[in-house]
Amino acid sequence: MSEHQLERKAIKGSEDAFLDLMHTHQEALYRTAMSYLKNEEDALEAVQEVTYRAFKHIKTLKEPAYFKTWVTRIMMNYCQDTIKKSKREICEESLLLVFGKKEDYTFLEIEEALAHLSDYERELLHLKYFEDVKIKDIAVMWKTPEGTIKTRLHKALRSFRHYFEEKGEMKRV
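Residues numbered from 1 in each chain as written. Predicted model: local features only at pLDDT ≥ 70, side-chain atom pairs only at ≥ 80, totals over all residues. Heavy atoms only, no water.

(A) Broad picture of the layout of surface pockets. Its boundaries defined by the atoms lining it, the second largest pocket holds a volume of some 330 Å³. In terms of lining residues, the second largest pocket is bounded by Thr60, Leu61, Lys62, Glu63, Tyr66, Thr69, Trp70, Arg73, Val140, Met141 and Lys143. Elements with a minimum of two residues in the lining of the second largest pocket: helix H4 (67–86) and helix H8 (135–142). When grouped by side-chain class, the residues that make up the lining of the second largest pocket number five nonpolar, two polar and four charged. (1 Å grid on protein atoms, 1.4 Å probe; cavity = no way out; pocket = protein on both sides within 12 Å on 5 of 7 lines; lining within 4 Å. Points joined across faces, edges and corners; volume = space filled by probe spheres on them. Helix = DSSP H or I, 4+ residues; strand = E, 2+ residues; numbered from the N terminus. Nonpolar A, V, L, I, M, F, W, Y, C, P; charged D, E, K, R; others polar.)

In structure tokens form, the structure reads like this:
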């Protein structure tokens, strides 16, 4: 069964179709949660909570083709709320313990560069480049014109590159 058919069935109330869709997108949701929460347990809890919230409100989804965008937005909102509630600061040492087991520290460098961007710019880059959401879909999700999204994306990329230029590592970006 195609994803489009699953989306339509899920909106009509099919639990099996909804579970199939969530299974399809669970890795992307987990990566999104990890990029925000920086903790495996919190990320797993976020996936579980977002699955529940999405199931509870699936009938409010107006356009089935935007299911992935819709559920990703729910994840981002949940993660932001979780961070605000806990008001915790992420220690770089904890990042090294979680991600420092590899010898390739590119991930840490990217996370550090992303941390220097605004929340809006970070979300925009995450959606576009980590979740591969199209600019058109981001514009619909944020109720913003496509041209504005493109301009803001360009500005965010410029800020991201500027961070590496300051460190003398432009070859990597």
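(B) Inspection of H8 at higher detail. H8 sits mainly inside the fold: six of its eight residues count as buried. Taken residue by residue, H8 has Ile135, Asp137, Ile138, Ala139, Met141 and Trp142 as its buried positions. Looking at the packing, one finds that the buried side of H8 touches H4, helix H7 (119–130) and helix H9 (146–167). Two residues or fewer after H8 comes Lys143, characterised by a positive phi angle close to 50°. (Buried < 20%, exposed > 50% of the residue type's maximum accessible area, 1.4 Å probe, protein only. Contact = heavy atoms within 4.5 Å.)

(C) Just unusual backbone geometry, in detail. Positive phi, close to 60°, is recorded for Lys38, a residue that is not glycine. The residue Lys38 is located in the loop between helix H2 (15–37) and helix H3 (40–57) in this model. The exposure class assigned to Lys38 is buried, which follows from its relative accessible area of 15%. Not every positive phi belongs to a glycine, and Asp132 is a case in point at roughly 55°.

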